[in-house]
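Understanding the architecture of this molecule
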Amino acid sequence: MKVRVSVQLKPGILDPQGKAVEQGLHGFGFEVDHVRIGRLIDMDVPGTDPAEVKAKALAMCEKLLVNPVMEKASIEVL
Amino acid sequence: MRVAVPVFPGSNCDHDALHACGTVMGWDTIPVWHQETHLPENTDLVFVPGGFSYGDYLRCGAIAALAPIMADVKRHADRGGLVLGVCNGFQILCEAQLLPGALLRNESLRFIHTDVHLRVERMDLPFTRAMKAGEVFQVPIAHAEGNFTLDPADLVDLEARGGVAFRYCAPTGEIGAAHVPNGAMNGIAGIVNLQGNVLGMMPHPERAVDPKLGPTGGLGVFRSLAEAFAKA
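Residues numbered from 1 in each chain as written. Chains lettered and ligands numbered in written order. Predicted model: local features only at pLDDT ≥ 70, side-chain atom pairs only at ≥ 80, totals over all residues. Heavy atoms only, no water.

**Here we look at the side chain of H34(B)**
All names here are of chain B. Mapped onto the secondary structure, H34 falls in the loop between β2 (28–33) and β3 (45–48). Separated by 2.7 Å, the side chains of H34 and Y54 make a polar contact. Ignoring any residue separated from it by four or fewer positions in sequence, one finds H34 in contact with V7, F8, P9, Y54, A67, P68 and I69. (Helix = DSSP H or I, 4+ residues; strand = E, 2+ residues; numbered from the N terminus. Polar contact = N/O pair within 3.5 Å; in protein donor to acceptor, adjacent residues only side chain to side chain. Contact = heavy atoms within 4.5 Å.)

Shown next, in the form of structure tokens:
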């Protein structure tokens, strides 16, 4: 099954990239606030049970995909 | 004294580490390819060098932390063996959970290469025992991700247990946000684990040890290690 893991910096963790993009958008006149930049990880995970596949993706997050000091993730089975 | 220097694809300070430990200090210093599963026998110190291991993919140090050699580095640390991680080496030790915290992008978003001053916060470590209380030394930094970050509660714990080994400071030793090049919390440049045998730092002491190449502000760390081993 297709799985999408979205990794974001935790609230409160400074995101200088997001800040820079926000300022760039302000430069074009867009009204925008709290721009945060994250990472999307798409993958194929064997299995047919969404709950089971999601559990596997969660284990991957804990082992490698997410650094819990600074990041949090949300998992979507597509 | 035997030093092992793990070498990952993308390491680029491994030869600085080999030069400082081998040529300058005269220690038996051995490069160890990341695919090896065991450190050389009787390794006293593991020097995890700087660079861009695995191209900094995913997060700096995240993939290197999973390399086969790191399992033995962990065993070495668990036995009380000394581990020094510099720059990317520090990031690898954090990702391997040998040290707490994480290194984020510099506040300025820029790669910074400059000389900095560090104040010694712990004088009782094998890495600092030849230094004096509050001693200030000058070493270079060269990194884009050196912004040390920790959960606020864990930061309080780290400070309370004396986990901070080095802090960025003015040449006079004064500390404060103005002297922190990368936005690191509390101006933290280097930390040690609870047992005091694993140290990670962003600045490069190994690049400031040879008078033929420039200033030698980093020698204090290596003299301390020499002293620690002479006594051991």
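Alright, that's what it looks like, and here's the rest.
**Here's the deal with the side chain of N67(A)**
When you line up the elements, N67(A) lands in the loop between α2 (50–65) and β3 (71–77). A distance of 3.2 Å separates the side chain of N67(A) from the side chain of E95(B), its partner in a polar contact. The residues touching N67(A), leaving out its near neighbours within four places in the chain, are R59(B), E95(B) and A102(B).

**Topic: the pattern of salt bridges**
Summed over the entire model, instances satisfying the criterion amount to 15 salt bridges over all chains. Of the charged contacts, one joins R129(B) and E227(B) as a salt bridge, the two residues approaching to 3.3 Å between their closest N and O atoms. In this pair, R129(B) sits in the loop between β6 (112–120) and β7 (136–143) while E227(B) sits in helix α5 (residues 219–231), placing the two residues 98 residues apart along the sequence. What makes R129(B) partly exposed here is its relative accessible area of 31%. Take E227(B): its relative accessible area is 31%, and that puts it in the partly exposed class. One network of salt bridges, in which partners are shared, links R39(A), E71(A), R59(B) and E95(B). (Salt bridge = Lys/Arg side-chain N within 4 Å of Asp/Glu carboxyl O. Buried < 20%, exposed > 50% of the residue type's maximum accessible area, 1.4 Å probe, protein only.)

**Here we look at the interface of chain A and chain B**
Between chain A and chain B, the residue contacts involve 15 residues of the former and 17 residues of the latter. Taken together, the two surfaces of chain A and chain B that pack against each other cover about 1300 Å², and 67% of this comes from carbon and sulfur. The largest contributions to the chain A side of the interface with chain B come from P16(A), L64(A) and V69(A), which together make up 39% of the buried area. Of the charged contacts in the structure, one is a salt bridge between E71(A) and R59(B), with a shortest N-O distance of 3.6 Å. At the junction of chain A with chain B, the criterion picks out four residue pairs in polar contact (both at pLDDT 80 or more). Those elements that place two or more of their residues in the side of chain A that touches chain B are α1 (16–27), β2 (39–44) and α2 of chain A. The element best represented in the side of chain A that touches chain B is α1(A), accounting for three residues. (Buried area = accessible area lost by both parts, 1.4 Å probe.)

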